[in-house]
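# Coordinate analysis (summary)
Now for the letters of each chain:
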Amino acid sequence: MTSSTMNNSPRLDSKVPAGPLQQKWENYLNTAKLVNPNNKRKHTILVVGTGLAGASAAATLAELGYNVRSFCIQDSARRAHSIAAQGGINAAKNYPGDGDSVWRLFYDTIKGGDYRSREANVHRLAEISNNIIDQCVAQGVPFAREYGGLLSNRSFGGAQVSRTFYARGQTGQQLLLGAYQAMERMVGAGRVKQYDRREMLDLVVVDGRARGIIVRNLATGELERHVGDAVLLCTGGYGNVYYLSTNAKNSNVTAAWRCHKRGAFFANPCFTQIHPTCIPVSGDYQSKLTLMSESLRNDGRVWVPKTAGDRRSPEQIPEDERDYYLERKYPSFGNLVPRDVASRNAKEMADHGKGVGETGMAVYLDFAESINRLGEKVISERYGNLFEMYEKITGDNPYKVPMRIYPAVHYTMGGLWVDYELMSTVPGLFVLGEANFSDHGANRLGASALMQGLSDGYFVISHTLGNYIANTSLPKVDESNAAFADAENDSRERLATLLGIKGEKTPVHFHRELGKIMWDDVGMARNRDGLNHAISAIGSLREEFWNNLRVPGSNDTMNKNLEFAGRVADFMELGELMARDALEREESCGGHFREEYQTEDGEALRNDDEFTFVAAWEHTGRVGDEVKHREELVFENVKLTQRSYK
């Protein structure tokens, strides 16, 4: 794979409004063009995905009067992967009175992302955060409350204030139910037309603008054409490129990758997040991993034995022979350091032979001290369903023995490049939530994913989409347009090719092999030799895939093997780009940790002189020939400093 680089690409206009940081969003709202209410009914908007970003966007746009078509890959919009976000959602309400503010939330997010995100987008997110809580309370989301009735807050990694609102350990599910009900109300009113069991296979671009999509009906195999005046991509992240991750098995990159091949730049693909609080791998039979919420680190203490190779059970290890290493190394933040820091330290303990459990690839998360201090009832009220889930999976009662946890792939900060309006480099294609790159830099702080998804869907896209429509001539287009026929034929030929290989190995085999390469060489720790090996190995694996894949069945019925084969093919192309992006970013920042670039005490070492930019990759027609464009990041309000949580 080769690449060329374009500095300060004119094709990457961030469209950040003028004025002081605190006034940019207000200035945008005051100058954005509006669409007359009667004219909104003339426009059809296609929303792909029904998680928090997709469901909230569909509901909001339909309430405004747009005709919305909503597409869901599952059998129900309620199954969107947003339900898996357990711990909470951030907002700068400052209910505890501990010094929080919009500025502090903005600063913590910029710093948590290791200074690799766009200031204006992050500040807007912090501004909007308070509106999100009000919206969700009005919808009936059952946030935890204090004794007097006020909404309760707890702490999360990367912050010294308590700003995370939560509903026990099922916050994502409750927030999604709120957005889902708002969307279903619009379905009942006839303003949203819902399409379940549909997978987007291609983006249709007419006269340089996104005007439709090709989807496959997963129950019948039928390909469908859908026309709109804009397309909103809300399809989540690509963590499943690693095979084992905390993502649902249906989570994939295909919709975003098809958009990439139609002209949408892919930004910072190497920025992936390894979550420190997951149930460890137990065997090769697993197809996914289970996340234990970061909220557990509020009351759980992370430790390992001080002596390498100590295999005694935890209750046999006295206090003075335990290493509470996060509290020791990071006294200011302790167990609530950001995810990338906690993950790297857990790996370091395991690499030094101090890991626990049968495999030695785990550390303890111990609640004994909190139970003694607060009582089991309080801990149960805060985390009861998480403790129940852990016991069902492992057979261990975390009220009695420490949890065993270890890092696993979770979230992806990279995604399709978008400007301040959330529009990609393809006019008319907007990208919301985890599918875009915009807010989290090189590391996402816990409880900020739900915040971004709902911010984009409820409060941003309604304004930026209207400005686009009001400023754009959109001639009538229908399904008979040649661009739709070409895109459908491309999708049909791809499916036929996958079915026609008649090799010997399954899609799962190739996915597992890809995952091993990605985890070993493009995982928690990366280096030049490993990344070069990954690029070569993925290329060889991809060649074998297209010559030795076996997909049984046909295209005219439900065929899970065919679905997964198409997704694995896209993952292999993405995986190679991720390795290239990581290879060319010769610094360590956030979740991107290059072993060659670290401080004397093992922390990530940025190179601000050369790499304070967004890497946005353009597909040029052949895998391996991507062109890298740069959006230079300018920090006018935050001083770039070596990130420290000590």
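Residues numbered from 1 in each chain as written. Predicted model: local features only at pLDDT ≥ 70, side-chain atom pairs only at ≥ 80, totals over all residues. Heavy atoms only, no water.

## Section: the pairing of strand β13 (residues 301–305)
Definition in use: Burial classes follow relative accessibility: with a 1.4 Å probe on protein chains only, a residue under 20% of its type's maximum area counts as buried, one over 50% as exposed, and anything between as partly exposed. Where helices and strands are cited, they refer to DSSP runs of H or I of at least four residues and of E of at least two residues respectively, numbered from the N terminus. By this definition, two strands are paired if DSSP reports at least two bridges between them.
Burial of β13 is extensive: 4 of the 5 residues sit out of reach of the surface. With 3 bridges connecting them, β13 and strand β15 (residues 363–366) associate as antiparallel partners. If you follow Trp 303 over to β15, its bridge partner there is Tyr 364. Relative to strand β14 (residues 322–323), β13 is paired through 2 bridges, and the arrangement is antiparallel. From the neighbouring strand, Pro 305 faces β14, where its bridge partner is Arg 322.

## Quick word on the pattern of salt bridges
Note the cut-off: Any carboxyl oxygen of Asp or Glu that lies within 4 Å of a side-chain nitrogen of Lys or Arg is treated as forming a salt bridge with it.
Applying the stated rule across the entire model yields 52 salt bridges. We note a salt bridge from Arg 606 to Asp 114, for which the minimum N-O separation is 2.9 Å. You can see Arg 606 sitting in the loop between α16 (560–584) and α17 (608–611) and its partner Asp 114 sitting in the loop between α4 (102–112) and α5 (119–139), a full 492 residues away along the chain. Look at Arg 606 and you get buried, because its relative accessible area is 10%. Between Asp 229 and Arg 211 there is a salt bridge; the shortest N-O distance is 3.1 Å. Residue Asp 229 is located in the loop between β9 (223–227) and β10 (230–233), and its partner Arg 211 is located in strand β8 (residues 209–217); the two are separated by 18 residues in the primary sequence.

## With respect to the packing of helix α14 (residues 507–521) against α16
Heads up, the rule is: Axis definition: a line fit to C-alpha positions, over the contact stretch in the case of helices; interaxial angles, taken between N-to-C directions, run 0 to 180 degrees. Should an angle fall under 35 degrees it is taken as roughly parallel, and over 145 as roughly antiparallel, whereas 65 to 115 is taken as roughly perpendicular and any remaining angle as oblique. Less than a right angle of anticlockwise turn of the near helix away from the far helix marks a crossing as left-handed, whereas a clockwise turn marks it as right-handed. Two residues qualify as a contact provided that any one of their heavy atoms is within 4.5 Å of a heavy atom in the partner residue. Amino acid classes used here: Ala, Val, Leu, Ile, Met, Phe, Trp, Tyr, Cys and Pro are nonpolar; Asp, Glu, Lys and Arg are charged; the rest, including Gly, are polar.
Contact geometry of α14 with α16 gives a least axis separation of 9 Å together with a crossing angle of 20°. The orientation of α14 with respect to α16, classified from their angle, is roughly parallel. Remark: the crossing between α14 and α16 carries left-handed chirality. Between α14, through Pro 507, Phe 510, His 511, Leu 514 and Met 518, and α16, the contact on the second element is made entirely by Asn 561, Phe 564, Ala 565, Val 568, Phe 571, Met 572, Gly 575 and Met 578. Of the residues contributing to the contact of α14 with α16, the split by class is 10 nonpolar, 3 polar and no charged.

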